[in-house]
Every structure is written in C-alpha cells, then in structure tokens.
Amino acid sequence: MDAALVASVTRRAHAACEYCQLPQAVSSIPFEIDHIIAQKHGGPTVLENLGLACFYCNSHKGPNIAGIDPESGRIVRLYHPRKDRWNKHFHWDGPVLVGLSAVGRATLAVLVINHPDAVTLRASLIDEGLFPPTEPALRHPPRLP
Ligand SMILES: [Zn+2]
C-alpha cells in the first residue's frame, strides 16, 4: 500500500486502533491498515474505506462486515470508523469495553475486543496513565514522520 496513504490513515487515527483505541506506541506488534469494507466485498483502497487497527482487532475482523448482537441475536453490521461515532457505540468501563448499541456489541464480539489478555493489558496501561488515549491523543496528536 502507498506509504503516503498509510501515513494519512495513521495520522487521522491519532496512531491508535480505531476499534479498541490501543495506542500504536504501546504495541510491540505493528498496526495494520484495515479495509473497513473488505476488498472481497468490493471495498476499495481509498482513505474513506481505510482505518487503523491493531493486529488483534484486524486479525479477528478479517473480511467480516457483520456480526451477531449477543443481546438480540440479530445480524447487524460492524462498527464503521468513518461513518459511525465511536462514543455512540462504545463506552469504557475501566479496561472493559462496553457495547452501547447492537453495532457496538456485535463488533465487540467479532473482534474479541474484551479478550482477557487485552483487558489485562489495558488495566496495566490505565495504571500507567497511558489509557484510554482518546482525549489526550486528540489534544496532542502524535507527530508522524
Ligand atoms: Zn484494536
């Protein structure tokens, strides 16, 4: 993928996963560029269809564009970082991410965002004052090369 496009996606995301908000700076595994609508479903490689995702979120998401809301059992689309507002679908309860909507709950399930290892990592980042990054990251966007 074009380096300038990767840099634009990363900058726009304030170098944090657009699903679980993990900052790239604290991850030992490089973040990935996610096709929000997967290429196999016709999603193009353009800024509006790309998002920054941590390795874990992107691995679980794969080509999925929908999931099952565990509350209603209904099939719903996944969270779309370009079209949806994160705060409308998700809420932090300490290190645990809570789904506020069917879309949020289905996304949590498909991306396994509350995997015990992820919750443990977030708990230690909270202790270190490094998480959640949203507001500081938006106030002080990281400088990118
Ligand atoms: Zn993530």
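Before any of the text, the structure's been laid out above.
In short, a report on the structure. Source: prediction; values computed, not measured.

Okay, the overall build of the chain next. Looking only at helices and strands, the chain has six helices and six strands in total. A principal-axis box enclosing the C-alpha atoms of the chain has dimensions of 45 × 35 × 25 Å. The 145 residues of the chain split such that 41% are buried. By sequence separation, contacts in the chain at least 24 residues apart represent 58% of the contacts at least 6 residues apart. Accessible surface, the chain: about 8000 Å² in total, of which carbon and sulfur atoms supply 57%. Distance between charge centres in the chain, computed from 14 positive and 13 negative side chains, equals 8 Å.

What follows covers the environment of G104. Within the element layout of this structure, G104 appears in helix α4 (residues 102-111). Linking G104 and S8, residues 96 residues apart in sequence, is a C-alpha distance of 25 Å. Discounting chain neighbours no more than four positions away, the residues touching G104 are H89, F90 and G99.

Inspection of the entire model under this criterion finds six aromatic pairs. On the numbers, 5.6 Å between centres and 80° between planes, the contact of F55 with Y56 is edge-to-face. Relative accessible area serves as the criterion here: at 32%, F55 is assigned to the partly exposed category. Through successive ring pairs, a cluster of aromatic residues spans Y19, Y79, W86, F90, W92 and F131.

A separate point is a nonpolar patch on the surface. A cluster of nonpolar side chains, contributed by V96, V98 and L100, occupies part of the molecular surface with about 200 Å² of accessible area. Taking the relative accessible area as the measure of exposure, V98 reaches 30% and is therefore partly exposed.

As a further point, take α4. Among the 10 residues in α4, eight count as buried, and that is most of the element. The set of residues buried in α4 consists of V103, G104, R105, A106, T107, L108, V110 and L111. Elements that come into contact with the buried residues of α4 comprise α2 (55-61), β3 (66-68), β4 (75-77), α3 (86-89), β5 (90-93) and β6 (96-99). Immediately downstream of α4, the backbone of V112 shows phi near 50°, a positive value.

Conventions adopted
- Residues numbered from 1 in each chain as written.
- Predicted model: local features only at pLDDT ≥ 70, side-chain atom pairs only at ≥ 80, totals over all residues.
- Heavy atoms only, no water.
- Helix = DSSP H or I, 4+ residues; strand = E, 2+ residues; numbered from the N terminus.
- Buried < 20%, exposed > 50% of the residue type's maximum accessible area, 1.4 Å probe, protein only.
- Contact = heavy atoms within 4.5 Å.
- Areas by Shrake-Rupley, 256 points an atom, 1.4 Å probe, with all protein chains shown as cover.
- Lys, Arg positive; Asp, Glu negative; His and termini not counted.
- Charge placed at Lys NZ, Arg CZ, Asp CG, Glu CD.
- Phe/Tyr/Trp six-rings, centres within 6.5 Å; stacked < 30°, edge-to-face > 60°.
- Patch = residues over 30% accessible without salt bridge, like charges linked within 9 Å, V, L, I, M, F, W, Y side chains within 5 Å.
- Salt bridge = Lys/Arg side-chain N within 4 Å of Asp/Glu carboxyl O.

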